[in-house]
Amino acid sequence: MKSHRQRHKGTIRASSIAFTLLLLLALAPSAATGESFTSYQARTEFLPSSPSGTYTGLYGYVNPAMVAYVDDMETLFTWSDDSAAAEAANDWGLYMGLPHLGFGVTDRHAEGSRGYKEYRLAIARGDRSHSVGLAYGWANGTSDFRPPNQIVLGSLIRPNRSLSAGLTLTSALSKNALEYTANLSLRPLLTDRLTLFGTAVGSNNGANNQRLWSAGATIAALPGLSFSARYGNHRTVTANVHVSMGSVDFWTQTLHDRRDSSHRHPAQTRQTYAVRIGGHRANLLSRLSPTPNRYLDVDLNGSLNHRRFPLFDQSRTLSGLLITIRQAQNDPDISGIAINTSGMRMNWEKAWEVRRALKEFRQSGKQVVIYACLLYTSPSPRDGLLSRMPSSA
């Protein structure tokens, strides 16, 4: 019989496949009239690469499936200069993410109007290899152009460290308008040192029908310092510099847009900025001022619950342990994990989850050391945790 974990994983995978097929079916053309969406380029101009190639995108604002990858509360604030008169120029954006939940608002100014604010609320379900998400979007303001209320479906697949693929379908509630996107990210070195990415966008959006594509690369020169460049088929070029200092990130981006070189809309160069506060990422300062190798101590003595009660419950949970392992994996100051399994009480499903997280941890190039004062002679979850997991790597 299949274990609970296997059934759960099968359900997630089946949901992702069905969701992906639904998005592909939506690519069939249909008549569209009336209002159009804010362009995909405007919605993603604060991102240094395709959404699937980033940690969490804009917390579900572009692809709602991305919030399944959020471990802690994170906040991102973005803004741009006001030197350009773009058709939909972003003034600022505020995006927040919690595990499986995201919210974002972007303030936009359209040419010849007072502007509007666009909101999106996203939820997601899945694990770190397959996830699906749903978002609802709406807008208010006094702009001559204001997008209709929208439903966004998203899917994200990350089967291994070298591949990430995302699909989204955006549908207007009041008008017959669709937008569909597909993006792909490849890591040929199996690390974040080099990421190649591309995006394709199509829409049946009234007078604003578009067929767009873009491609680019991100190079992580140092842990906490990366450079990105992207080119779009409408003659747009983007260059980005990203600095991470652990729980605080900053990046700046230059966009050169030559898609309309007429006198009414000359070529434009815009500058955007972003600051992120929240979950731990690589820390450039630790690279510049290296510290001795440090191991994270994890004591698995006793039981491990799936979740804890909201009040007066300090018990350890499986989700908390998995988040701790992932944070240690992303922390360049940590070289490995030392695990004490003495007295561990854990069923097979939980042991499988922990073993999978430790396997990903080792694949990142870090060490796992496991200590046990007593090994049971009969099969036990601890044996499953230790199987094919050397005591030191």
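Residues numbered from 1 in each chain as written. Predicted model: local features only at pLDDT ≥ 70, side-chain atom pairs only at ≥ 80, totals over all residues. Heavy atoms only, no water.

Chemist: So what exactly am I meant to see when it comes to the overall build of the protein chain here?
Modeler: Per the secondary structure count, the protein chain includes six helices and 19 strands. Every one of the 393 residues in the protein chain was classed for burial, and the buried ones make up 49%. (Helix = DSSP H or I, 4+ residues; strand = E, 2+ residues; numbered from the N terminus. Buried < 20%, exposed > 50% of the residue type's maximum accessible area, 1.4 Å probe, protein only.)

Chemist: What's the story with helix H5 (residues 348–363) in this structure? I'm lost.
Modeler: Counting along an α-helix, one turn takes 3.6 residues, and residues three or four places apart therefore face a common direction. Given a rise of 1.5 Å per residue, 16 residues ought to cover 22 Å, and the 22 Å separating the end C-alpha atoms of H5 matches this to within 8%. For H5, the set of buried residues is Lys 350, Ala 351, Glu 353, Val 354, Arg 355, Ala 357, Leu 358 and Phe 361. Put simply, Asn 347 is the residue that caps the front of H5, since its side-chain oxygen is 3.4 Å from the backbone nitrogen of Glu 349. Gly 365 lies just past H5 and shows a positive phi near 95°. (Expected span 1.5 Å × (residues − 1). Polar contact = N/O pair within 3.5 Å; in protein donor to acceptor, adjacent residues only side chain to side chain.)

Chemist: How should I be thinking about a nonpolar patch on the surface in this particular structure?
Modeler: Together, Met 73, Leu 98, Leu 101, Leu 121, Ile 123 and Leu 134 make up an exposed nonpolar region whose accessible area comes to about 520 Å². Positionally, Leu 134 belongs in strand E5 (residues 130–141). (Patch = residues over 30% accessible without salt bridge, like charges linked within 9 Å, V, L, I, M, F, W, Y side chains within 5 Å. Areas by Shrake-Rupley, 256 points an atom, 1.4 Å probe, with all protein chains shown as cover. Salt bridge = Lys/Arg side-chain N within 4 Å of Asp/Glu carboxyl O.)

Chemist: Explain unusual backbone geometry here, please?
Modeler: Most peptide bonds take the trans configuration, and most residues that are not glycine carry a negative phi. Despite not being glycine, Tyr 59 has its phi angle at roughly 55°, a positive value. Inspection of the secondary structure assignment puts Tyr 59 in the loop between helix H2 (40–43) and strand E1 (74–80). Notably, Leu 190 is not glycine yet its phi reads approximately 65°, a positive angle. Along the chain, Leu 190 falls in the loop between strand E8 (178–186) and strand E9 (194–204). Residue Leu 190 is classed as partly exposed on the basis of its relative accessible area, which comes to 49%.

Chemist: Just checking my understanding: could you explain the pairing of strand E13 (residues 248–257) for this structure?
Modeler: Consecutive residues of a regular strand have side chains that alternate between opposite faces of the sheet. Where strand E12 (residues 236–244) and E13 come together, nine bridges link them in antiparallel fashion. From the neighbouring strand, Ser 244 faces E13, where its bridge partner is Asp 249. Taken together, the ten bridges between E13 and strand E14 (residues 268–277) define a ladder with antiparallel strand orientation. Each bridged residue has a counterpart across the sheet, and for Asp 257 the counterpart in E14 is Gln 268. (Pairing = 2+ DSSP bridges.)

Chemist: Got a minute to help me understand the nonpolar core in this structure?
Modeler: A general feature of soluble globular proteins is that nonpolar side chains tend to end up buried together. Grouped together as the largest cluster of nonpolar side chains are 21 residues, with contacts concentrated most on Leu 58, Tyr 59, Val 62, Leu 76 and Tyr 95. Not counting residues up to four positions away in its chain, the partners in contact with Tyr 59 are Val 67, Val 70, Glu 74, Thr 75, Leu 76, Tyr 95, Met 96, Gly 97, Gly 102, Phe 103 and Arg 276. In terms of nonpolar packing, the next biggest core, distinct from the first, is built from 20 residues, Leu 321, Met 344, Leu 358 and Val 368 among them. (Core = buried A, V, L, I, M, F, W, Y, C linked by side-chain atoms within 4.5 Å. Contact = heavy atoms within 4.5 Å.)

Chemist: Explain the packing of helix H4 (residues 318–330) against H5 here, please?
Modeler: Each pair of packed helices can be described by the angle between their axes along with the distance between the axes. Between H4 and H5, the least distance of the axes is 9 Å, while the angle of their chain directions is 5°. If you check the angle between H4 and H5, you find them roughly parallel. Two secondary-structure elements touch here, H4 through Leu 318, Leu 321, Leu 322, Ile 325, Ala 328 and Gln 329 and H5 through Lys 350, Glu 353, Val 354, Ala 357, Leu 358, Glu 360 and Phe 361. (Axes fitted to C-alpha atoms, helices over the stretch in contact; angles between N-to-C directions. Parallel < 35°, antiparallel > 145°, perpendicular 65-115°, else oblique.)

Chemist: What should I look at first to understand the environment of Thr 317 in this one?
Modeler: The topology assignment puts Thr 317 in the loop between strand E16 (302–303) and H4. Judged by relative accessible area, Thr 317 falls into the buried class, the value being 8%. Remark: the alpha-carbon pair of Thr 317 and Ser 303, spanning 14 residues in sequence, is separated by 8.8 Å. A polar contact of 3.5 Å, which involves the side chain of Thr 317, links it to the side chain of Ser 319.

Chemist: Quick question: what am I supposed to make of the packing of aromatic side chains here?
Modeler: Two aromatic rings, taken as a pair, are described by how far apart their centres are and by the angle between their planes. Tallied over the full model, the rule gives seven aromatic pairs. Relative to Trp 79, the ring of Phe 77 has its centre 5.6 Å away and its plane inclined at 25°; by these criteria the two rings are stacked. Judged by its relative accessible area of 37%, Phe 77 is partly exposed. Ring geometry for Trp 79 and Tyr 273: centres 5.4 Å apart, planes at 20°, overall stacked. Taken as a pair, Trp 79 in strand E1 and Tyr 273 in strand E14 lie far apart in primary sequence, 194 residues in all. Under the relative-accessibility criterion, Tyr 273 is labelled partly exposed at 25%. Aromatic ring contacts, followed pair by pair, group Phe 103, Tyr 119, Tyr 136 and Trp 138 into a single cluster. (Phe/Tyr/Trp six-rings, centres within 6.5 Å; stacked < 30°, edge-to-face > 60°.)

Chemist: Explain the pattern of salt bridges here, please?
Modeler: All told, the structure shown has nine salt bridges when counted by the stated rule. Linking Lys 117 and Asp 107 is a salt bridge whose minimum nitrogen-to-oxygen distance equals 3.3 Å. Taken as a pair, Lys 117 in strand E4 (residues 116–126) and Asp 107 in strand E3 (residues 101–110) lie far apart in primary sequence, ten residues in all. With relative accessibility at 29%, the residue Lys 117 sits in the partly exposed group. For Arg 187, the salt bridge identified is with Asp 192, shortest N-O distance 3.7 Å. Exposure remark for Asp 192: the relative accessible area of 42% places this residue in the partly exposed category. Several salt bridges share partner residues, and in doing so they unite Glu 74, Asp 249, Arg 276 and Arg 281 into one network.

Chemist: How should the pairing of strand E10 (residues 211–222) be read in this particular structure?
Modeler: As judged from the nine bridges shared by E9 and E10, these two strands associate in the antiparallel manner. Bridge pairing in E10 places Thr 195 opposite Thr 218. Relative to strand E11 (residues 225–232), E10 runs antiparallel, the two being bridged by eight bridges. By the bridge assignment for E11, Thr 218 is matched with Ser 228.

Chemist: I would appreciate a short explanation of H4 in the present structure.
Modeler: Its 13 residues give H4 an end-to-end C-alpha distance of 19 Å, which sits within 8% of 18 Å, the value for a rise of 1.5 Å per residue. Restricting attention to buried positions, one finds in H4 the residues Leu 318, Leu 321, Leu 322, Ile 323, Ile 325, Arg 326, Ala 328 and Gln 329. The inward-facing, buried residues of H4 contact strand E15 (294–299), strand E17 (334–340) and H5.

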